[in-house]
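Given next are the chains, with one letter for each unit.
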Amino acid sequence: MLEIKNVKKSFRDLEVLKDVSLDIGDGEVVVILGPSGSGKTTLLRCISFLEKADGGSLTLGDKEVSLKKATKKQINEFRKNMAFVFQNYNLFANKTVLENVMEGLTVARKIPKQEAMERALEALEWVGVINKKDAYPSELSGGQQQRVGIARAVVLNPEVILFDEPTSALDPELVGEVLDLIKKVAKRGITMIVVTHEISFAEEVASRVVFMDGGVVVEEGTPDKILVSPKEERTKEFLSRVLPKDMYYI
């Protein structure tokens, strides 16, 4: 169980997260939808300690930590059980594909190089870019870079993977293949939180959909409830703008 409680975050006078709480079960795939500026990405960055929250706590299993007061040791302990897939890939430009995937194993986990290499090669095979293991990120397409980013997350065997708009930087023809790979990750039973604008992905894969706006959770529920018959007017307004007319049932 991943429990996110009362997360708050402001940037100067702008309150981006206003007391956000979510409970996420083991193996659940939670998709977070919402307009730009609603706080979706900031929430992911706060619970992965990439941003320091102004308040709130995070519980993973039987361990709880303050998002504001967490020590470096506590942060490192939580990060061992979480992985992050970025929208802009965030690969090390001066390292090969194989080195990028090995990095988290050898540096953060202190796994021997040979074992790390074997695991990294297996992960690259699984995501379909084993033939690019000696290439550098600049030599890859966007879709290939995101596959490497997913391999880098999966190789850690984390309890939770956070995806921040994993297809937003891709050319349209590459979106489908990356979404198919994320579906493949979901079948492994890893708990996932996915921030995305891909409504069809949410409809097909999510066990729960969360709609955020203005720094709060407006509404949450199963895909059929949120995408087909939402209760809140703000959710209805958002979906009427982003859903194709043939998908809009409200």
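The following refers to the structure shown. Within each chain, residues carry numbers counting from 1 in the order of the written sequence. Only residues with pLDDT of at least 70 get local features here, since the model is predicted, and only at 80 or more are side-chain atom pairs given and counted; chain-wide, interface and lining totals rely on the full set of residues. Here the side-chain values reflect all heavy atoms present in the structure, with hydrogen atoms and water set aside.

**Examining the overall build of the chain**
- Elements are defined by DSSP. Helices are runs of H or I of four residues or more, strands are runs of E of two residues or more, and each kind is numbered from the N terminus. Scanning the chain from N- to C-terminus turns up 9 helices and 10 strands.
- Throughout, radius of gyration means the C-alpha value; the globule benchmark is 2.2 Å times the number of residues raised to the power 0.38. Here the chain has a C-alpha radius of gyration of 18 Å; the compact-globule value for 250 residues is 18 Å, and the two agree.
- Here the C-alpha coordinates of the chain stretch approximately 55 × 45 × 35 Å along the principal axes.
- Here the term buried applies to any residue with accessible area under 20% of the maximum for its type, exposed to any over 50%, and partly exposed to those in between, with areas from a 1.4 Å probe on protein chains only. The proportion of buried residues among the 250 residues of the chain is 50%.
- With the model as given, the accessible surface of the chain reaches about 12,100 Å², and the carbon-plus-sulfur share is 47%.
- By the counting scheme adopted, Arg and Lys are positive, Glu and Asp are negative, and His together with the chain ends is not counted. Every charge is mapped to an atom, namely NZ of Lys, CZ of Arg, CG of Asp or CD of Glu. Considering the chain, the positive charge centre built from 35 side chains and the negative charge centre built from 38 side chains are found 6 Å apart. Note on areas: these come from Shrake-Rupley sampling with a 1.4 Å probe, and a residue is covered only by the protein chains present in the view.

**What to know about the packing of aromatic side chains**
- When two rings of Phe, Tyr or Trp (its six-membered ring) have centres within 6.5 Å they constitute a pair, described as stacked for plane angles under 30 degrees, edge-to-face for angles over 60, and tilted for the intermediate range. This structure, assessed with the given rule, holds 3 aromatic pairs.
- When the centroid spacing of 6.3 Å and the interplanar angle of 70° are considered together, the rings of phenylalanine 49 and phenylalanine 78 count as edge-to-face. Here phenylalanine 78 lies in helix 2 (residues 72–79) and phenylalanine 49 lies in the loop between helix 1 (40–47) and strand 4 (55–60), a separation of 29 residues in the sequence.
- Residue class for phenylalanine 78 comes out buried when judged on its relative accessible area of 6%.
- A ring is considered to have a charge above it if a Lys NZ or an Arg CZ atom is located within 6 Å of its centre and within 35 degrees of its normal. Sitting over the face of the ring of phenylalanine 11, lysine 9 holds its NZ or CZ atom 4.9 Å from the ring centroid.
- Of note, lysine 184 hangs over the ring of tryptophan 126, and the distance from its end group to the ring centre comes to 4.6 Å.

**Looking at the sheet that holds strand 5 (residues 63–66)**
- One open sheet accounts for 4 strands, arranged 2-1-4-5; its pairing is antiparallel. The sheet is open, and its two edges are formed by strand 2 (14–24) and strand 5, each paired on a single side. Direction aside, neighbouring strands of the sheet carry axes that sit 15° apart on average.
- Pairing between strands is defined by DSSP: at least two bridges between the two strands are required. Sheet topology places strand 1 (residues 2–11) next to strand 2; 8 bridges connect them, and they run antiparallel. Considered in strand 2, the bridge of phenylalanine 11 is made with leucine 14. Simply put, an axis is a line fit to the C-alpha atoms, just over the touching stretch for a helix, and the angle between two N-to-C directions goes from 0 to 180 degrees.

**With respect to the packing of helix 3 (residues 97–108) against helix 4 (residues 113–127)**
- Two elements in contact, helix 3 and helix 4, have axes whose closest approach is 9 Å; the angle formed by their N-to-C orientations is 125°. When the axis of helix 3 is compared with that of helix 4, the two are oblique. In this structure, the crossing between helix 3 and helix 4 has a hand that is right-handed. Residues Val97, Leu98, Val101, Met102, Leu105 and Thr106 of helix 3 lie in contact with helix 4, whose contacting residues are Lys113, Ala116, Met117, Arg119, Ala120, Leu121 and Leu124. Every angle not falling under 35 degrees, over 145, or within 65 to 115 is termed oblique; those three ranges are roughly parallel, roughly antiparallel and roughly perpendicular. Helix crossings fall into two classes, left-handed where the near helix is turned counterclockwise from the far one by less than a right angle and right-handed where it is turned clockwise. Residues are treated as being in contact if the distance between any of their heavy atoms lies within 4.5 Å.

**Concerning helix 4**
- What a helix is expected to span follows from its residue count: subtract one and scale by 1.5 Å. With 15 residues, helix 4 ought to run about 21 Å at 1.5 Å a step, and its terminal C-alpha atoms sit 21 Å apart, in line with that.
- The set of residues buried in helix 4 consists of Ala116, Ala120, Ala123, Leu124 and Val127. Relative to the axis of helix 4, the buried residues are bounded by an arc of 100° and lie together on one face. Those residues of helix 4 that are exposed and aimed more than 90 degrees away from the buried face are Gln114, Glu122 and Glu125.
- For helix 4, the secondary structure elements touched by its buried residues are helix 3, helix 5 (142–154) and helix 6 (172–186).
- Where helix 4 terminates, the next one or two residues include glycine 128, which has phi positive at roughly 90°. The arc in question is traced by the directions running from the helix axis to the C-beta atoms.

**Looking at the pairing of strand 6 (residues 82–85)**
- Of the two faces of strand 6, both are covered, the one formed by Met82 and Phe84 as well as the one formed by Ala83 and Val85.
- In this structure, strand 6 lies alongside strand 7 (residues 160–164), joined through 4 bridges in parallel fashion. Counted as the bridge partner of valine 85 is phenylalanine 163 from strand 7.

**Some points on helix 3**
- If you check helix 3, its first and last C-alpha atoms are 17 Å apart, about what 12 residues at 1.5 Å a residue would give, namely 16 Å.
- Those residues of helix 3 not exposed but buried are Val97, Leu98, Asn100, Val101, Met102 and Leu105.
- Structurally, helix 3 contributes buried residues whose contacts are with helix 4 and helix 5.
- The first or second residue beyond helix 3 is lysine 110, which carries a positive phi of 60°.

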